[in-house]
Amino acid sequence: ILFAFIDIKAGSIIPSIIAHMVVNGYSFVNMVLLYFTNYNDLVLSNDYSAELTGPDAVLAAIGILNLLVYLFMAVAVVIIVIEFAVNRNQFRLPKGDSGLTTEEKTGAFFRSPAMIIIIILLFIMVALNSFVPPFI
């Protein structure tokens, strides 16, 4: 929703691509920083009550990075809520009849390629979670 909002406000997809790169970059940097801690040992041992340890600079960087991301998310939510409140009428769908019955709309929804793929993936996930033993 945030990336779509960025696209609409900027009138271009480029800022949304840059924001997506930043999100992926955050994940990568966080993963690299966690490599220098005992995070993998904690996950493999399933001991989530143990404390994350590592060099102080790495732990501080992880904390600052996560704080910045949470602040960014909070500011983004506030901006979106303000934008929707100020320009409420621009986000309303036009009223009118599409000429389709509820059954036809439901059928079109479930026959759409995206919905078919999602349903197939959900069935695969349920099957894997039901029959495949956990790896850890």
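Everything below is about the structure printed above this text.
Residue numbers here run from 1 along each chain, matching the order of that chain's written sequence. With pLDDT at 70 or above as the cut-off, local features in this predicted model cover only qualifying residues; side-chain atom pairs require 80 or more to be listed or tallied, and sums for whole chains, interfaces and linings still use all residues. Side-chain descriptors were evaluated using all non-hydrogen atoms of the structure, hydrogens and water having been removed beforehand.

Participant: Quick one: what's the story with the packing of helix α1 (residues 2-10) against helix α2 (residues 14-35), residue by residue and with numbers?
Facilitator: How two helices sit against one another is set out by the angle between their axes and by the gap between those axes. Structural elements are reduced to axes, namely lines fitted to C-alpha atoms, with helices fitted over the stretch in contact, and the angle between N-to-C directions of any two is expressed from 0 to 180 degrees. Helix and strand assignments come from DSSP, with helices taken as H or I runs of at least 4 residues and strands as E runs of at least 2, each series counted from the N terminus. With their axes 8 Å apart at the nearest point, α1 and α2 run at an angle of 150° to one another. Classified by the interaxial angle, the pair formed by α1 and α2 is roughly antiparallel. Like other packed secondary-structure pairs, α1 and α2 cross with a definite hand, here right-handed. Residues Phe3, Ile6, Asp7 and Ala10 of α1 form the contact with α2, whose own contacting residues are Pro15, Ser16, Ala19, His20 and Val23. In what follows, roughly perpendicular refers to angles from 65 to 115 degrees, roughly parallel to angles under 35, roughly antiparallel to angles over 145, and oblique to any angle outside these ranges. If you view the pair so one helix is near and one far, a crossing is left-handed when the near helix is turned anticlockwise from the far one by less than a right angle, and right-handed when it is turned clockwise. When checking whether two residues touch, look at their non-hydrogen atoms; a contact exists if any pair is within 4.5 Å.

Participant: So, a nonpolar patch on the surface: which residues are in play, and what are the values?
Facilitator: For patch detection, residues must exceed 30% relative accessible area and be free of salt bridges, and they are connected within 9 Å for like charges or within 5 Å for nonpolar side chains (Val, Leu, Ile, Met, Phe, Trp, Tyr). In short, Shrake-Rupley with a 1.4 Å probe defines the accessible areas, and a residue's cover is counted only from the protein chains shown. The salt bridge criterion pairs a side-chain nitrogen of Lys or Arg with a carboxyl oxygen of Asp or Glu, the two atoms within 4 Å. Where nonpolar side chains cluster on the molecular surface, the patch consists of Ile13, Ile14, Ile17, Ile18, Met21 and Val22 and spans about 590 Å² of accessible area. Looking at the secondary structure, you find Ile14 in helix α2. Classification of Ile14 as partly exposed rests on a relative accessible area of 49%. Relative accessibility decides the category of a residue: with a 1.4 Å probe and only protein chains considered, values under 20% of the type maximum give buried, values over 50% give exposed, and everything between is partly exposed.

Participant: Now, about helix α4 (residues 56-86): what can you tell me, with residues and values included?
Facilitator: What a helix is expected to span follows from its residue count: subtract one and scale by 1.5 Å. Under the 1.5 Å per step criterion, the end-to-end length of α4 is 45 Å for 31 residues, consistent within 8% with the ideal 45 Å. Every buried residue of α4 is listed here: Val58, Ile62, Asn66, Val69, Ala76, Ile80 and Glu83. Contacts from the buried residues of α4 go to α1 and α2.

Participant: Please set out the pattern of salt bridges residue by residue, giving values where relevant.
Facilitator: Pairing between side chains of opposite charge can happen when their charged atoms approach one another. One pass over the full model with this rule turns up one salt bridge. Salt-bridge contacts for Glu83 lead to Lys9; the nearest nitrogen and oxygen are separated by 2.8 Å. In this pair, Glu83 sits in helix α4 while Lys9 sits in helix α1, placing the two residues 74 residues apart along the sequence.

Participant: Tell me about the environment of Leu59, and please be specific about residues and values.
Facilitator: Along the chain, Leu59 turns up in helix α4. Each C-alpha atom, one on Leu59 and one on Gly96, is 56 Å from the other, the two residues being 37 residues apart in sequence. Once you skip the residues sitting within four places of it in the chain, Leu59 turns out to touch Thr37, Leu52, Thr53 and Gly54.

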